[in-house]
Amino acid sequence: MTAKLHGAVVRWFATEARDLPWRDPRCSPWGVLVSEVMLQQTPVVRVLPVWREWMERWPRAADLAAESPGEAVRAWGRLGYPRRALRLHAAATVIATEHDGELPDSEDGLLALPGVGGYTAAAVAAFAFGRRASVVDTNIRRVHARLVSGDALPAPALTAAERRLAEALLPDDDATSVRWNAGVMELGALICTARSPKCSMCPVADECAWRAAGEPPPSYVPKGQAWHGTDRQVRGAIMAVLRGASRPVPRVVLDGLATAEPVTAEPVTALTEGSATSPELARLHALAPAPEQLERCIAGLLADGLAVELTGGLALPH
DNA sequence: CATCCGTGGCT
DNA sequence: TAGCCAAGGAT
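Numbering of residues starts from 1 in every chain and runs along the sequence as written. The order in which chains are written sets their letters, starting at A; the order in which ligands are written sets their numbers, starting at 1. Totals for whole chains, interfaces and linings use every residue, but because this is a predicted model, local features are given only for residues with pLDDT of at least 70 and side-chain atom pairs only at 80 or more, for both listing and counting. Side-chain numbers come from the whole structure's heavy atoms, not from hydrogens or water.

Per an unreviewed UniProt entry, chain A carries the name Adenine DNA glycosylase and comes from Sinomonas terrae. UniProt positions are given in the numbering used here, feature names are shortened, and annotations may be inferred rather than shown by experiment. The UniProt entry for chain A carries the following comment under Cofactor (unreviewed entry): "[4Fe-4S] cluster". What the UniProt record of chain A gives under Catalytic activity (unreviewed entry) is the line "Hydrolyzes free adenine bases from 7,8-dihydro-8-oxoguanine:adenine mismatched double-stranded DNA, leaving an apurinic site."

Shown next, in the form of structure tokens:
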């Protein structure tokens, strides 16, 4: 019953898939893992250049493990959620020291790595090792919701029913299951998008339960992600300062930025000479965080290991 | 299980 | 333009 869907999606994927470097058969499992972690909540177009830099600089897990975690965070750049860089570095260390430099090829083995959850473990097992694994990401969930369940959007959180459905739809043989996973994911990314899906270009539009039902609206309103004034925004601004700093950033500089006292570009430059570029400091200052928020954010970054306290000030971890 | 955690392109 | 939202994971 699902054979028709399998054929349609696999054929569509064969001709319409984007030519992404981590899909190259010559890409190593390590390269696939790096791509999957970078792609967690970050769009492909922004990952591409950073992934290339990482692969050139750290072609094997052991190469990254030999670096300091701070270098990983700095090379992560502005991909967002920098703790992912930290966990990727930790995963590289585990791979280098406990797995002789080779990635585990089973879902369970992958799942044990830092920063690797259910999605990433299944994705690497499938895309790097050709295993039959049930990959469930936001794209696949959305396609399943529309195509099979007739809903405009998947539930707010992954449900057991969705896992069962994904497993039930997964082709039996390894090779087809890999193409199905990749194809459904690509379909969700390019055609069956969250907003304004391109149904006229969909290879399985005729089988879509959501279309058959007259494209009913979502049964709930997704709540947006708060940003302005949040700790995340302040943490991000602090991290940008630390990434741009070639030496520890004195606490007095950071603390001074939280005050209402205007800070001119001149003294900022003088205080942080050689330790940070002024655009990053200016951005943090423009946020005008309350002293307690700034303190809370710094404490959070220290607790997360994204920053360390030195006598000279705050810096990326060594 | 809900919340927290960055960033910037797109509509 | 202001929001929406993207190949999630950890707690």
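### Comments concerning unusual backbone geometry
Backbone geometry at Q41 places phi at a positive 70 degrees, although glycine is not the residue there. The residue Q41 is located in the loop between α2 (29-38) and α3 (44-57) in this model. A positive phi angle, close to 45 degrees, is found at Y81, a residue other than glycine. Strands are runs of DSSP state E lasting at least 2 residues, helices are runs of H or I lasting at least 4, and numbering of each runs from the N terminus. Summarising the element assignment, Y81 is placed in the loop between α5 (69-76) and α6 (83-98). Only protein chains enter the accessibility calculation, which uses a 1.4 Å probe. A residue is then buried if its area is under 20% of the maximum for its type, exposed if over 50%, and partly exposed in between. Owing to a relative accessible area of 39%, Y81 belongs among the partly exposed residues under this scheme.

### Focus: the protein's contact with DNA strand B
Around DNA strand B lies a shell of 17 residues, among which R78, Y81, P82, R235 and G236 are the nearest. For each residue, the test is whether any non-hydrogen atom lies within 4 Å of the molecule or strand; if one does, the residue is near. Within 4 Å of the protein, the contacting atoms of DNA strand B are drawn from sugar and phosphate to the extent of 62%. With five residues, helix α13 (residues 231-244) is the single largest residue contributor to the surface near DNA strand B.

### Concerning the side chain of R243
Here R243 lies in helix α13. Working convention for charge: Lys and Arg count positive, Asp and Glu count negative, and His plus the chain ends are omitted. Between Lys or Arg on one side and Asp or Glu on the other, a salt bridge is scored when a side-chain nitrogen of the former is within 4 Å of a carboxyl oxygen of the latter. For the buried R243, which has no salt bridge, the nearest side chain bearing the opposite charge is E280, at an N-O separation of 7.0 Å. A contact between two residues is defined here by any heavy atoms of the two lying within 4.5 Å. Those residues in contact with R243 that sit more than four places away from it in its chain are V73, R74, G77, R78 and L316.

### Topic: the packing of α3 against α5
Axis angle and axis distance: for two packed helices, these are the angle between their axes and the distance between the axes, and together they describe the pair. What counts as an axis is a line fitted to C-alpha atoms, over the stretch in contact for a helix, and the angles between N-to-C directions run from 0 to 180 degrees. The interhelical angle for the contact between α3 and α5, taken along N-to-C directions, is 145 degrees, at an axis separation of 10 Å. Mapping the contact onto sequence places V50, W54 and R57 in α3 and E71, A72, A75 and W76 in α5. Looking at the contact of α3 with α5 residue by residue, the classes come out as five nonpolar, no polar and two charged. Any residue outside Ala, Val, Leu, Ile, Met, Phe, Trp, Tyr, Cys, Pro, Asp, Glu, Lys and Arg is labelled polar, Gly included; the first ten of those are nonpolar and the last four are charged.

### Some points on helix α9 (residues 138-149)
For α9, the buried fraction is high: nine of the twelve residues fall into the buried class. Residues N139, I140, R141, R142, V143, H144, A145, R146 and L147 constitute the buried set of α9. Buried-residue contacts for α9 involve α1 (3-16), α10 (160-169), α11 (174-190) and α12 (209-212). Of the residues one or two after α9, G150 is the one with positive phi, at around 80 degrees.

### Comments concerning the protein's contact with DNA strand C
Lining the immediate environment of DNA strand C, one finds 28 residues, of which W22, L39, T120, N139 and Q225 sit closest. A breakdown of the atoms of DNA strand C within 4 Å of the protein gives sugar and phosphate a share of 63%. Whenever a nitrogen or oxygen atom comes within 3.5 Å of another N or O atom, the pair is scored as a polar contact, on the condition that within protein one atom can donate a hydrogen and the other can accept it, and that pairs from neighbouring residues in sequence are kept only if both atoms are in side chains. The separation between a phosphate oxygen of DNA strand C and a polar side-chain atom of T120 is 2.6 Å. Residue assignment for the surface near DNA strand C shows that the elements contributing at least two residues are α6, α8 (118-127), α9 and α11. In terms of residue class, the surface near DNA strand C is made up of ten nonpolar, ten polar and eight charged.

### Some details on the pattern of salt bridges
With the rule as written, the count across this model stands at 17 salt bridges. The network of salt bridges with common partners includes R57, E67, E71 and R74.

### Digging into the environment of S106
Tracing the sequence through the fold places S106 in the loop between α6 and α7 (107-111). In sequence terms S106 and V124 are 18 residues apart; their C-alpha atoms lie 8.8 Å from each other. Here G109 takes part through its backbone nitrogen, which lies 3.0 Å from a polar atom of the side chain of S106.

### Some thoughts on α5
Here α5 lies mainly inside the structure; six of its eight residues are buried. Those residues of α5 not exposed but buried are P69, G70, A72, V73, A75 and W76. Taken together, the buried residues of α5 touch α2, α3, α4 (61-65), α6 and α13. Immediately downstream of α5, the backbone of G77 shows phi near 65 degrees, a positive value.

### Some thoughts on the domain arrangement of chain A
Split by domain assignment, chain A resolves into domain 1 (28-127) and domain 2 (231-315). Taken together, the contact between domain 1 and domain 2 spans eight residues of the former and eleven residues of the latter. At the junction of domain 1 with domain 2, the criterion picks out one salt bridge. Between R83 and D304 there is a salt bridge, with its nearest N and O atoms 2.9 Å apart. Each domain's limits were defined by an automated method or a database of domain assignments.

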